[in-house]
Every structure is written in structure tokens, then in C-alpha cells.
Amino acid sequence: MKLADGANERQRVSPANGAGHGAPASERGGASGGAKPPGLIRIAPSLLSADFARLGEAVALAERAGADMIHFDVMDGHFVPNITIGVPVLASLARVSRLPIDVHLMIEQPDRFVEAFIAAGAASVTVHAEATVHLHRVVHLIKSLGAKAGVALNPATPITALEQMAGDVDYVLVMTVNPGFGGQTFIPRSESKVRAVRELLQREGSAAPIEVDGGIDVRTAPGIVAAGAEILVAGNAVFGSADPERAIRELRAAATASVAR
Ligand code: DX5
Ligand code: ZN
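Rules and cut-offs
Residues numbered from 1 in each chain as written. Chains lettered and ligands numbered in written order. Predicted model: local features only at pLDDT ≥ 70, side-chain atom pairs only at ≥ 80, totals over all residues. Heavy atoms only, no water. Helix = DSSP H or I, 4+ residues; strand = E, 2+ residues; numbered from the N terminus. Contact = heavy atoms within 4.5 Å. Areas by Shrake-Rupley, 256 points an atom, 1.4 Å probe, with all protein chains shown as cover. Buried < 20%, exposed > 50% of the residue type's maximum accessible area, 1.4 Å probe, protein only. Pairing = 2+ DSSP bridges. Right-handed = clockwise from strand over helix to strand, strands pointing away. Donors = N, O, S within 2.8 Å, 3.2 Å for Na, K, Ca; no water. Tetrahedral: all angles 85-135°; square planar, octahedral: opposite > 155°, others 65-115°. Near = heavy atom within 4 Å. Polar contact = N/O pair within 3.5 Å; in protein donor to acceptor, adjacent residues only side chain to side chain. Nonpolar A, V, L, I, M, F, W, Y, C, P; charged D, E, K, R; others polar. Axes fitted to C-alpha atoms, helices over the stretch in contact; angles between N-to-C directions. Parallel < 35°, antiparallel > 145°, perpendicular 65-115°, else oblique. Left-handed = near helix turned anticlockwise from the far one by under 90°. Expected span 1.5 Å × (residues − 1). Core = buried A, V, L, I, M, F, W, Y, C linked by side-chain atoms within 4.5 Å.

A.B. asks: If you had to explain the overall build of the protein chain to someone new, which residues and values would you point to?
C.D. replies: When helices and strands are tallied, the protein chain shows eight helices and eight strands. For the protein chain, long-range pairs separated by at least 24 residues make up 68% of all intrachain contacts whose partners lie at least 6 apart in sequence. If you sum the accessible surface of the protein chain, you get close to 10,900 Å²; carbon and sulfur atoms cover 51% of it.

The following block contains the structure:
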């Protein structure tokens, strides 16, 4: 794959110049990353596969390894068949994290919780298109509170769900597994879906980056990046590794070797 012009020479930009929870939500960076040049790969380790008794250490490890953001998975036992962590845990981690925290809401009626997550320190908030009938309203609520807003699509959700929202979202999250659990197998068809989302965004004049989540590792990253993904979430590939810092670096190397365009 051809490297984007100068992509291999670009420095990894610190998300929002290191602005973390102390900064207003609008300056915290997060998944859309505003000033970042297109084609720059960003790595978002998912805490879902970390030891929940040592989450602060997992954040510090991700910072040391040069991760770009922390991916924080929220599950409610209704939208997905699992329950994880919520607002109080986010507030504690946001106090110690120098990286922006990217909150992935796998919950029904996300509009009820958006404000609390942003107040607790979320830099970006992703809601599922399948989880609300008022997607436009909740995306604009997130933005009005100063955070970046992303829309996630489950593997079975057609990209037409995004069509009317392309100009509104700061980024799109294409699920590459069915949400709910870490350590699942990447769905190969996701590559063509990412290509199609990329084309849709381009057609609509949107520069929103595509985030991918589920089964991302050194084997699956090159193909999905070549298809147009720029933000890679990785849980098991990082925290399931004997050397998570090395795993983050290796994932970035595998992904940047195949930057699209
Ligand atoms: C799954 C979550 C993911 C999860 C990915 O529903 O949204 O963020 O942590 O885990 P891996 O990388 O292990 O597939
Ligand atoms: Zn996630």
C-alpha cells in the first residue's frame, strides 16, 4: 500500500496537545481529533480487556506506549448482553489520564447519559445508530456540550443509517465485531463496509475519520487501514498481550505501513 504523502515523516501529534480532563470538553481532543492531518493512524487501547482492578495503571501504560486516546466501553446489559463500567469510573480515570478518553456507549437511550459522561471527562462520545430513534438530536446534544460526537454501526446495520448524518458527525465507528465482548474474531466483510463508509463521507464532503472496533490486531489492522480506517481500537491485542506497551507499538507499525491513499 502506498503511504499517504509525508505520512511516514509525520510526528504523532499528541491528542489535543495533551489536553485531558482538565481542559474544556471542546479542547480535550478525542476521536475526531480536529487538527490532525488525514491519514494519520491513531491507536485507542480499550480498557475492556484490562484488569478492572488496575485501570489507572492501564491508562499510564497506554500513555507510555504512545497511544493516542483511551477507549472506554460502556455496556448496559440491554443494548448488549454485558455490563461494564460507567460515569464514576470515567470520572476517576479522567482525573489521572493525560490522554483524551473516547467513550463508546453501548446502551439504550444514550441521550439520558450523554451529559453525565461529558461532565465526567469524555472527550468524545459514540452512540449507536441502533440505540436511539433520535440520532440527530443526540449527536447535536453531544456537540453542544463541547465533546466530539461519533455514530457507531453494528455489523448488520447498513451504511444508509449514516446517510443523513454524514455532515453532522465528527467521526464514524464501524463495529468490526458484534458489540458486547472483547476478544472476538474480526468480521472480514468489515473491510468493504469501511470502504463504503469512506465513499459515503467523501460524497457528502465530510472529512470525518473512521474508527474501527473489534478484533483489531497486527493481522487485521493492515487491511482495515488500507480500506480507510484511521482510528484503531484494540482491547485483547493490547491488554491480552504479555507486553502491552510493545503490542501498542507493533499495532501502530503494522497499521501505518498500510495507510490508505
Ligand atoms: C466490544 C467493545 C470493544 C472491545 C474490543 O463490544 O466495543 O471496544 O474492547 O475488544 P477487542 O479488541 O478485544 O476485540
Ligand atoms: Zn468499543
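A.B. asks: Please give an account of the pairing of strand β6 (residues 171–175) that cites residues and values.
C.D. replies: The buried count for β6 comes to five of five residues, which makes it a mostly enclosed element. Where strand β5 (residues 148–153) meets β6, four bridges bridge the pair, whose relative direction is parallel. Directly across from Gly-150, in β6, lies its bridge partner Tyr-171. Across four bridges, the pairing between β6 and strand β7 (residues 210–213) is parallel. By the bridge assignment for β7, Val-172 is matched with Ile-210. Traced from β6 through helix α5 (residues 190–203) to β7, the parallel crossover comes out right-handed.

A.B. asks: Now, about the coordination of the zinc ion (ligand 2): what can you tell me, with residues and values included?
C.D. replies: Think of it this way: four donors in a tetrahedron around the metal ideally sit 109.5 degrees apart, and six in an octahedron ideally sit 90 or 180 degrees apart. Here the zinc ion (ligand 2) is held by the protein donor atoms His-71 (NE2), Asp-73 (OD), His-104 (ND1) and Asp-213 (OD), which lie 2.0 to 2.3 Å from it. One way to put it: the six donor atoms around the zinc ion (ligand 2) meet at angles of 72 to 172 degrees, and that makes the site octahedral.

A.B. asks: Hey, could you go over the site of ligand 1 for me, with residue numbers and the actual values?
C.D. replies: In the region of ligand 1, 19 residues are neighbours, and Ser-46, Gly-180, Gly-183, Asp-213 and Gly-215 sit closest. Separating an oxygen atom of ligand 1 from a side-chain N or O atom of Ser-46 is a distance of 2.7 Å. At 2.8 Å, a side-chain N or O of Asp-73 approaches an oxygen atom of ligand 1. Compared with its free state, where it exposes 380 Å², ligand 1 has 99% of that area covered by protein. Residue assignment for the shell around ligand 1 shows that the elements contributing at least two residues are β2 (70–75), β3 (101–106) and β8 (231–234). In terms of residues, the shell around ligand 1 owes the most to one element, β2, which gives three residues. Of the residues that constitute the shell around ligand 1, the class distribution is seven nonpolar, 10 polar and two charged.

A.B. asks: Could you give an account of the pairing of β7, with specific residues and numbers?
C.D. replies: Taking every second residue as pointing to the same face, both faces of β7 are buried, with Ile-210 and Val-212 on one and Glu-211 and Asp-213 on the other. Of the pairings in the sheet, the one linking β7 to β8 comprises three bridges and is parallel in character. Across the sheet, Glu-211 pairs through a bridge with Ile-231, a residue of β8. Tracing the backbone out of β7, into helix α6 (residues 221–227) and back to the parallel element β8 gives a crossover that is right-handed.

A.B. asks: Report on the sheet that holds β7, specifying residues and quantitative values.
C.D. replies: Here we have eight strands laid out as an open sheet, ordered β1-β8-β7-β6-β5-β4-β3-β2, and parallel in their pairing. Of all the strands in the sheet, just β1 (42–45) and β2 have a single pairing partner and so form its edges. Shown here is a sheet whose adjacent strand axes are inclined to one another by a mean of 25 degrees, direction ignored. Relative to β5, helix α4 (residues 135–144) is tilted by about 145 degrees, and along the sheet it contacts β4 (122–128) and β5.

A.B. asks: Summarise the packing of helix α1 (residues 55–64) against helix α8 (residues 244–256); cite the residues concerned and give the values.
C.D. replies: The geometry of α1 relative to α8 is characterised by a closest axis approach of 9 Å and an angle of 45 degrees between their N-to-C directions. For the element pair α1 / α8, the angle class is oblique. Between α1 and α8 the crossing geometry is right-handed. Counting all contacts with α1, which are made through Leu-61, Ala-62 and Arg-64, the residues of α8 involved are Pro-244, Glu-245, Ile-248 and Arg-249. Of the residues contributing to the contact of α1 with α8, the split by class is four nonpolar, no polar and three charged.

A.B. asks: Before we move on, could you go through α8 and cite the residues and values that matter?
C.D. replies: In an α-helix there are 3.6 residues to a turn, and that puts residues three or four apart on one side. Across its 13 residues, α8 extends 18 Å between first and last C-alpha, which sits within 8% of the 18 Å expected from 1.5 Å per residue. Those residues of α8 lying buried are Pro-244, Glu-245, Ala-247, Ile-248, Leu-251, Arg-252, Ala-254 and Ala-255. In this structure, the buried side of α8 is in contact with β1, α1, α6, β8 and α7 (236–239).

A.B. asks: Please provide a residue-by-residue account of helix α2 (residues 87–96), values included.
C.D. replies: Those residues of α2 that sit buried are Leu-90, Ala-91, Leu-93 and Ala-94. On its buried face, α2 is in contact with α1, β2, β3, α3 (114–119) and β4.

A.B. asks: Can you explain the nonpolar core? Please cite residues and give values.
C.D. replies: Counting residues in each nonpolar core, the largest one holds 69 residues, and the members touching the most others are Leu-47, Phe-72, Val-103, Leu-105, Val-212, Ile-224 and Leu-232. The element that contributes the greatest number of residues to this core is α1, accounting for five residues. Excluding anything up to four places from it in sequence, Ile-224 contacts Thr-176, Phe-186, Ser-190, Glu-191, Val-194, Val-212, Ile-216, Ala-229 and Leu-232. Ala-31, Ala-44, Met-69 and Val-233 belong to the second-largest nonpolar core, a separate cluster that totals six residues.

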